[in-house]
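# Coordinate analysis (summary)
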Amino acid sequence: MGKGHRYQGANQADRWRRRAGRRMPSRRLPRPLLGLIFLGAGTLAAAVTQFAIQSTAGQQSTITNWTEPLPGHMEGRASVIDGDTVEIAGQRIRFNGIDAPESRQHCDDAKGFDYPCGRRAAQALDKFLAASRPLHCSFVDRDRYGRLVGNCDRADGRSVQRWLVEQGLALDWPLYSHGAYAGQQAKAEAAKLGLWAGTFQAPWVWRLAHADNRPLSNQPLGLINRHQVAQSGYSCEPRRTCSQISSCDEASWYPANCSWGRKLDRDKDGIACESQC
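Residues numbered from 1 in each chain as written. Predicted model: local features only at pLDDT ≥ 70, side-chain atom pairs only at ≥ 80, totals over all residues. Heavy atoms only, no water.

## Here's the deal with the layout of surface pockets
Convention followed: Using protein atoms alone on a 1 Å grid, points that fit a 1.4 Å probe yet trap it form a cavity, whereas open point sets bounded by protein on both sides within 12 Å along at least five of seven lines form a pocket; residues with an atom within 4 Å of a point count as lining. Grid points are joined across faces, edges and corners, and a volume is the space filled by probe spheres set on the points. By the criteria applied, helices consist of DSSP H or I runs no shorter than four residues and strands consist of E runs no shorter than two, each listed in order from the N terminus. For this classification, Asp, Glu, Lys and Arg are treated as charged, while Ala, Val, Leu, Ile, Met, Phe, Trp, Tyr, Cys and Pro are nonpolar and the rest, including Gly, are polar.
Of the voids in this model, the largest pocket is the one considered here, and its volume is about 1,000 Å³. Forming the boundary of the largest pocket are 32 residues, of which Arg144, Tyr145, Trp173, Tyr176 and Arg207 lie nearest the centre. Breaking the lining of the largest pocket down by element, the ones donating at least two residues are strand E4 (91-95), strand E8 (135-142), helix H5 (174-177), helix H7 (203-209) and helix H9 (248-257). Grouping the constituent residues of the lining of the largest pocket by class yields 15 nonpolar, 5 polar and 12 charged.

In structure tokens, the structure reads:
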């Protein structure tokens, strides 16, 4: 009996050891599901890598544009970006000395009806360029976006900037033109062509007003002062305070044309030097 009892105990211990040595059943995910997970992770990693490469390349391209010497000239078939910007062979070119309404900008016509003046200017420019190709441009600078800034003529020799101002589709921009197109603008205004048929904001004022997606004030600005846009005698130097400014029109000119101009609007209500207005 003693031996039999010991034998049964030994068998039971063996069974316990065998049970302890067994591996628990695996709870692995199905192979198709694992494949999808790995594929998704790989795709995400590839997308992140591609974005980083493109972002770095874009930044490098802009820096390169700023540091590259200006090309002597360029000619080719131009694609219109907006009323004062075209593209030739992948290179953006901003017309020198003028400013056309922005693509999103709206104006009022002679009857007071709203219309997309920015798109109208771009469409008119496209037709004008199509009539005599290619476009010839010579360059004077690069802007802060790395675009070339230049003077451009059609194949027949007609100045694009001059034509845009003559038709009332763009304004002479005194800050950069020094009045080069003031004569053409005065004639367009007198004939009520294009923008001059109704009311509008100068494009540089419109950009300032929409820089943070809010209007400068509750009242429509129209042009700051039409005569002074054409014949501006103001300069960003040396005035810096409202006590040095003699009129509301003059006070309104500085925020639109000078880097320090917003300082004249201390309460941020869109009206500079309110004591003059």
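## Here's the deal with the nonpolar core
The test is simple: Only buried residues count toward a nonpolar core, which is a set of Ala, Val, Leu, Ile, Met, Phe, Trp, Tyr and Cys residues joined through side-chain atoms within 4.5 Å. Buried residues are those whose accessible area, probed at 1.4 Å on protein chains only, stays under 20% of the maximum for their type, while exposed residues exceed 50% and partly exposed ones sit between those limits. Contacts are residue-level and defined by heavy atoms, with any inter-residue pair within 4.5 Å sufficient.
By size, the foremost hydrophobic cluster in this structure holds 24 residues, and its most contacted members are Val86, Ile93, Phe95, Leu129, Leu135, Val160 and Leu164. Elements supplying a minimum of two residues to this core: strand E3 (85-88), E4, helix H3 (117-130), E8, strand E9 (148-153) and helix H4 (160-166). Sequence-distant contacts of Leu135, defined by excluding residues within four places in its chain, comprise Met74, Glu75, Gly76, Ala78, Val86, Ile88, Leu129, Cys152, Asp153, Arg154 and Val160. Counting 13 residues, the second-largest nonpolar core is a separate cluster that includes Leu171, Leu195, Trp204 and Val205.

## Points about the environment of His106
Relative to the elements of secondary structure, His106 occurs in the loop between strand E5 (98-99) and strand E6 (107-108). Ignoring any residue separated from it by four or fewer positions in sequence, one finds His106 in contact with Asp114, Tyr115, Pro116 and Cys117.

## With respect to the sheet that holds strand E2 (residues 79-82)
Applied cut-off: We treat two strands as partners when DSSP finds at least two bridges between them. Axis geometry follows a simple rule: fit a line to the C-alpha atoms, using only the stretch in contact for helices, then measure angles between N-to-C directions, giving values from 0 to 180 degrees.
An order of E1-E8-E9-E4-E3-E2 is seen for the 6 strands of this open sheet, with the pairing classed as mixed. The two strands at the open ends of the sheet, each matched to only one other strand, are strand E1 (73-76) and E2. If you compare each strand with its neighbour and ignore which way they point, the axes differ by 40° on average. Sheet topology places E4 next to E9; 3 bridges connect them, and they run parallel.

## Describing the pattern of salt bridges
Formally: One side-chain nitrogen of Lys or Arg within 4 Å of one carboxyl oxygen of Asp or Glu is enough to make a salt bridge.
Taken as a whole, this structure holds 8 salt bridges when the rule is applied. Put simply, Arg92 and Glu87 hold a salt bridge, and the shortest N to O gap is 2.7 Å. Among the residues examined, Arg92 registers a relative accessible area of 35% and is labelled partly exposed. Note that Arg147 and Asp143 form a salt bridge whose closest N and O atoms lie 2.5 Å from each other. The same class applies to Arg147 as to Asp143, namely buried.

## Topic: empty space enclosed by the protein
Following the criterion strictly, the structure yields 2 cavities of 30 Å³ or more and no others. Lining the second largest cavity we find Gly76, Arg77, Ala78, Leu129, Ser132, Arg133, Pro134 and Leu135. Grouping the amino acids of the lining of the second largest cavity by side-chain chemistry returns 4 nonpolar, 2 polar and 2 charged.

## Quick look at the pairing of E1
Alternating positions in E1 separate cleanly, Met74 and Gly76 being buried on one face and His73 and Glu75 remaining unburied on the opposite face. Examined bridge by bridge, E1 and E8 share 4 bridges and lie antiparallel to one another. In the strand pairing of E8, Met74 is matched with Cys137.

## Considerations on the state of the cysteines
One way to say it: the disulfide is the covalent bond shared by the sulfur atoms of two cysteines. Our working definition: The disulfide criterion is simple: two cysteine sulfur atoms within 2.5 Å.
Throughout the structure, instances matching the rule amount to 3 disulfides. Cys107 shares a disulfide with Cys117; S-S distance 2.1 Å. Since a negative S-S torsion denotes a left-handed disulfide, the Cys107-Cys117 link at about 65° is right-handed. With Cys107 in strand E6 and Cys117 in helix H3, this pair connects stretches of sequence that are 10 residues apart.

## Some details on H3
Selection rule: Here the expected span of a helix is defined as 1.5 Å times the quantity of residues minus one. Directions drawn from the helix axis to the C-beta atoms are what define this arc.
For H3, built from 14 residues, the straight-helix expectation of 20 Å at 1.5 Å per residue is met to within 8% by its first-to-last C-alpha distance of 20 Å. Residues of H3 that are buried: Cys117, Gly118, Ala121, Ala122, Leu125, Phe128 and Leu129. Angular distribution of buried residues about the axis of H3 spans 140°; they occupy a single face of the element.

## Digging into the confidence of the model for the chain
This is how it is decided: Values of pLDDT, ranging from 0 to 100, describe the predictor's confidence in every residue of the model.
Mean pLDDT over the chain stands at 77; residues scoring 70 or higher make up 63%. Confidence drops under a pLDDT of 50 for residues 1-7, and excluding neighbours within four residues, the segment shows 0 contacts in the predicted structure. A low-confidence stretch, residues 55-63 (pLDDT under 50), is modelled with 1 contact involving residues beyond four sequence positions or located in other chains.

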